[in-house]
Structures are given as structure tokens and as C-alpha cells.
Protein chains: 2
Amino acid sequence: MSKRELKKDHLLDAGLQVMATQGYNGTSIKDIVDAANVPKGSFYTYFKSKEDFAVEALEKVTEERIQHNRHLLGNRSVPPLERLTRFFTDNIGGCEQGIKGGCFIGNMCQEMSDSSEVIRLKVRQMLRNNTQAIEDVLEEARLDGSLKSPISSAVLAEFLFNAWEGTLMRMKASKCREPLNAFLTLLPAILGNQS
Amino acid sequence: MSKRELKKDHLLDAGLQVMATQGYNGTSIKDIVDAANVPKGSFYTYFKSKEDFAVEALEKVTEERIQHNRHLLGNRSVPPLERLTRFFTDNIGGCEQGIKGGCFIGNMCQEMSDSSEVIRLKVRQMLRNNTQAIEDVLEEARLDGSLKSPISSAVLAEFLFNAWEGTLMRMKASKCREPLNAFLTLLPAILGNQS
DNA sequence: ATTTTACAGACGACCGGTCATCTAAAGAAA
DNA sequence: TTTCTTTAGATGACCGGTCGTCTGTAAAAT
């Protein structure tokens, strides 16, 4: 990784942390460069606009998550359904500490979907990636017989991931683990019910 | 309702519509007063700050929702579980057209929970109100025997409402009904499973 | 006449974005 | 090796515009 790429990465990392807690419109370019200890003028050397920064940040956070999940969701030595449960319990910590900041993708989705089409499309793509990862594990579980639900893996994955995002969101407001507990209580019932 | 209260209400209504699509930080005082056709200087006659406006808007939107739901969730001539299903299918339209804007409370939750404690607390309260309404119907269904889940109504209500908010959020990004369909597909399974 | 409310305009701060200038390393010419 | 030229990247001052809020006055209400 070149020096240039390192600096851009640093800008992305530092800015992401600010934008994840203050939102897109609540974060100024100055906030971002200050957090990265980079002069303001340099920002536009690396990003063509604030919007562009957000899109790249969205990509980065998802890329990191996917890399993290590859070990978790793709680990064949653990039963698929247990892997899925771990995916949720592990990400509560990994997703910007869960209770503070919440899920960056979810935040951007709510704040920007109706304001920026570029961001909306990127968010949609990132959400799809996550849903697909869940669907893959569910399909695996179906093949080994541990998933008996008559509902298709695609629908199940869509529902579960959306419910999960809603859970993260609720935790932002409530600042407690109750929503997480409710989710984890229902999860086995949803996966294991009906023949 | 006095003339003053009417004007304030109008300001709240018009501003809400803007803030629901553009977010808190994406909406200026000018946007609000322009939408309501009220001179800019008048804003601070009715609200002590922008933050105060948001809190009052949050209260208003929930108050309206509750009034709307009182007919729906409290209507004893319809079986409780069917009332609950209707609550979701009806609110998809009522909740700012669902696909555009999404749920105002959810939007504010994601954008502002970490920036304004006043707004966070109001959001939490409003979310609790909604959850409680669902819990009440579930409890009713349990008493009449139509709800057999061994999971407590409180946990069930918490999960369902969060899943619902996640569904609304996803629809903002995807602009399609797939998330809603997934939710409605899983709903009976969650309510009706296990003995 | 006195108090209260409505509002135009102004306030300084800050916004996202631009730009002329500076720096420093690489290459060419000597 | 030394000097000069070129150039990509770095940078802080600065742009027009907008932000949330306040103040002074006019209008209205009592």
C-alpha cells in the first residue's frame, strides 16, 4: 500500500468514526480532517466531494465487515446455524460498539436515502451483500437438515437481517441490551419452527 | 384551538414533512418556515430552538399515530392477532408512505440519538409507546387463546416492533416491497409457532 | 396605556468547495 | 557532482452562501 493510499485510508478511518456518531450532515469536512490530523486542503486530493467520501466509507466499512465475517460465516467446522447466531452476537460489538453509533450502513440509510441517490444505491448494495451472506449460511443449514423452516432462505435472510438492523437501531435509542435479548430469544424459534 | 395554536400546528405539520425526508441536520429553519409559508422571524415565537421543534414534532407524529391506532388496535370486534397484522399493513401507508421518508421516529433515532440527549429520550419514549401498544394486543390474544407462543408478550412485542422498524428502514434503501413481504410472511410463523 | 406577540433584518459562525502558492523529489543538462 | 527544470502533491487562505439564533420595532391584544 502506497503512502498515498495509507493516508487516504487513515482519512477514511478517522472520518468514519466521526460520521458514524454525528451523521452525514452533522459532520463537516473540517471535522473529518481534524480527526485525521490532516490539513483541510488535502481532503479534495483524496475525495472529489463529501458525498464521494461517504460512498467510499460505506464501501470500506462493508469490506471490513465481510472480511471479518468470512472467518465467521464460512467456518465449516461450526454448524451453520450456530455460525449465524455467532454472527449476530459478535457483530453487536464489532458494529461500532452497537450501542453507540450503531450500524453505519443503517445510519446512512435512514439519513441519506432520500437525499442522495448515489449513497442510497451504495447502501442498498451493501445491505444486499449482508443479506446474501446470511442466505448462504441458511442454505447450507437447509442442506445439512438443521434448518427445517418451509420458508425460503432468501425470505428468511431478508427478514432476519432487517430485524437485526431494527434491533441495532432500537439499541441506539434505548442504550440497553433488551432489544438484543429479544432478538436472540426469537432467533431459534424462527429458525427451528415448523416442519 | 386558538389561532396561535393552529399556526404552530401548521408549522409543525409542514416542517415535519420536510424533516421526515431530509433529516434533522438536512433541514434548515428556512426550509421549515418556507414549507409553512410563515416568515422566518416567527419561528422562535413558537419554538425555543430547532431541537425543541424536533421534540414537538416527534410528539405530534406519535400522538397522531396513537390516535389512528386506537381505532385499529383497540377494536374488539376483530380478533387481536388480525388487528396486529392490520396494524402493520396499514401503517406502511400511513408512515409517510413507507417507501419515501420511512418512519420519522426511526429516522430521528438513527440520526440524532448520539447527538442530542433530549431527542434520544423522546425517541425512546415514543418507541416504548408503540411497543406497549403491540404488547397489549398480544396479551389480549394470549388470554383468548389465539397466541400460543411460550415467549412473553413483552419480548415478542419488542422483537416484532424492532423488526418492523428494520423493515421500514430497508424499504427506504431498496424502494420495493420485498422487505415488507418478508416481514408479513414471517409474522404468522412468529405468532403461531410452538405450543 | 400597557403588555404581549409577530416578524424583518441582521448577526457571527460555519458550510462545502476552490485555488494560487509552496514543497520536494525526479530527471536532464552541465 | 552540481545545478536547473519539471511536476505531482500538499496546503491554508479564501469564496459565496447558508446556518441557527437574536434584536429592535411594529402591530395587536388587553
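To keep things clear, this report deals only with the structure shown in the data block. Here the structure is a predicted model, which is why all the values come from computation and not from measurement.

### So, the pattern of salt bridges
Inference 1: For the structure shown, the criterion picks out 24 salt bridges over all chains.
Inference 2: By sharing partners, the salt bridges in this structure join Asp9(A), Asp13(A), Lys60(A) and Glu64(A) into a single network.

### Regarding the interface of chain B and chain A
Inference 1: Across the boundary between the two partners, chain B contributes 47 residues, which contact 47 residues of chain A.
Inference 2: Buried area between chain B and chain A, both sides added, is near 4200 Å², and the carbon and sulfur share of it is 61%.
Inference 3: Among the residues of chain B in contact with chain A, Gln110(B), Asp114(B) and Arg170(B) are the three that bury the most area, contributing 18% of the side total.
Inference 4: Across the contact surface, chain B and chain A share 4 salt bridges.
Inference 5: Linking Lys172(B) and Asp114(A) is a salt bridge whose minimum nitrogen-to-oxygen distance equals 3.7 Å.
Inference 6: Summed over the shared surface of chain B and chain A, the number is 8 residue pairs in polar contact (both at pLDDT 80 or more).
Inference 7: Elements with a minimum of two residues in the side of chain B that touches chain A: helix H1 (3-22), helix H6 (104-112), helix H7 (117-143), helix H8 (153-174) and helix H9 (178-192) of chain B.

### Describing unusual backbone geometry
Residues and elements named next belong to chain A.
Inference 1: For Asn 37, which is not a glycine, the phi torsion comes out positive at approximately 55°.
Inference 2: Mapped onto the elements of the fold, Asn 37 is located in the loop between helix H2 (29-36) and helix H3 (43-46).
Inference 3: On the accessibility criterion, Asn 37 (73% relative accessible area) is exposed.

### Observations concerning the protein's contact with DNA strand C
Inference 1: Taken together, 15 residues sit near DNA strand C, with Lys40(A), Lys50(A), Lys7(B), Pro39(B) and Thr45(B) positioned nearest.
Inference 2: The sugar-phosphate portion of DNA strand C accounts for 65% of its atoms within 4 Å of the protein, the bases making up the rest.
Inference 3: Measuring from a phosphate oxygen of DNA strand C, one finds a side-chain N or O atom of Ser42(B) at 2.9 Å.
Inference 4: Elements that contribute at least two residues to the surface near DNA strand C include exactly H1 and helix H3 (43-46) of chain B.
Inference 5: Residue classes in the surface near DNA strand C are distributed as 4 nonpolar, 6 polar and 5 charged.

### What to know about the environment of Val78(B)
Residue and element names in this part refer to chain B.
Inference 1: Residue position: Val 78 is located in the loop between helix H4 (50-73) and helix H5 (80-94).
Inference 2: Take Val 78: its relative accessible area is 10%, and that puts it in the buried class.
Inference 3: In sequence terms Val 78 and Arg 170 are 92 residues apart; their C-alpha atoms lie 30 Å from each other.
Inference 4: Ignoring anything within four residues of it in the chain, the contact list for Val 78 reads Arg 83 and Arg 86.

### A look at the state of the cysteines
Inference 1: All chains considered together, the criterion is met by 0 disulfides over all chains.
Inference 2: Cys103(A) supplies the cysteine sulfur nearest to Cys109(A), a cysteine that is in no disulfide, at a spacing of 9.1 Å.
Inference 3: Of the cysteine sulfurs around Cys176(A), a residue in no disulfide, the closest is that of Cys109(B), at 12 Å.

### Some points on the protein's contact with DNA strand D
Inference 1: The local shell around DNA strand D holds 13 residues, among which Pro39(A), Gly41(A), Ile29(B), Tyr44(B) and Lys50(B) are the closest.
Inference 2: Within the contact set of DNA strand D, a phosphate oxygen lies 3.4 Å away from a side-chain nitrogen or oxygen of Lys7(A).
Inference 3: At 3.2 Å from a phosphate oxygen of DNA strand D is found a side-chain nitrogen or oxygen belonging to Ser42(A).
Inference 4: When the residues that make up the surface near DNA strand D are grouped by side-chain class, the tally is 4 nonpolar, 6 polar and 3 charged.

### Regarding the relation of the copies chain B and chain A
Inference 1: If you rotate chain B by 180° and push it 0.0 Å along the axis, it lands on chain A with an RMSD of 0.1 Å. The superposition of one copy onto the other is thereby described by a two-fold rotation axis.
Inference 2: With an isologous cut-off of 70% or more, the 100% of interface residues of chain B that recur at the interface of chain A puts this contact in the isologous class.

### Digging into empty space enclosed by the protein
Inference 1: Going through the model one piece at a time under the given rule, you end up with 1 cavity of 30 Å³ or more.
Inference 2: Estimates place the volume of the largest cavity at around 30 Å³.
Inference 3: If you trace the largest cavity, you find it lined by Met19(A), Ala20(A), Thr21(A), Gln22(A), Gly23(A), Asn107(A), Glu111(A), Lys172(A), Gln110(B) and Glu111(B).
Inference 4: Within the residue set of the lining of the largest cavity, elements represented by two or more residues are helix H1 (3-22) and helix H6 (104-112) of chain A together with H6 of chain B.
Inference 5: In the lining of the largest cavity, the residues fall into 2 nonpolar, 5 polar and 3 charged.

Parameters and conventions
Residues numbered from 1 in each chain as written. Chains lettered and ligands numbered in written order. Predicted model: local features only at pLDDT ≥ 70, side-chain atom pairs only at ≥ 80, totals over all residues. Heavy atoms only, no water. Salt bridge = Lys/Arg side-chain N within 4 Å of Asp/Glu carboxyl O. Contact = heavy atoms within 4.5 Å. Buried area = accessible area lost by both parts, 1.4 Å probe. Polar contact = N/O pair within 3.5 Å; in protein donor to acceptor, adjacent residues only side chain to side chain. Helix = DSSP H or I, 4+ residues; strand = E, 2+ residues; numbered from the N terminus. Buried < 20%, exposed > 50% of the residue type's maximum accessible area, 1.4 Å probe, protein only. Near = heavy atom within 4 Å. Nonpolar A, V, L, I, M, F, W, Y, C, P; charged D, E, K, R; others polar. Disulfide = S-S within 2.5 Å. Least-squares fit on C-alpha atoms with pLDDT ≥ 70 in both. 1 Å grid on protein atoms, 1.4 Å probe; cavity = no way out; pocket = protein on both sides within 12 Å on 5 of 7 lines; lining within 4 Å. Points joined across faces, edges and corners; volume = space filled by probe spheres on them.

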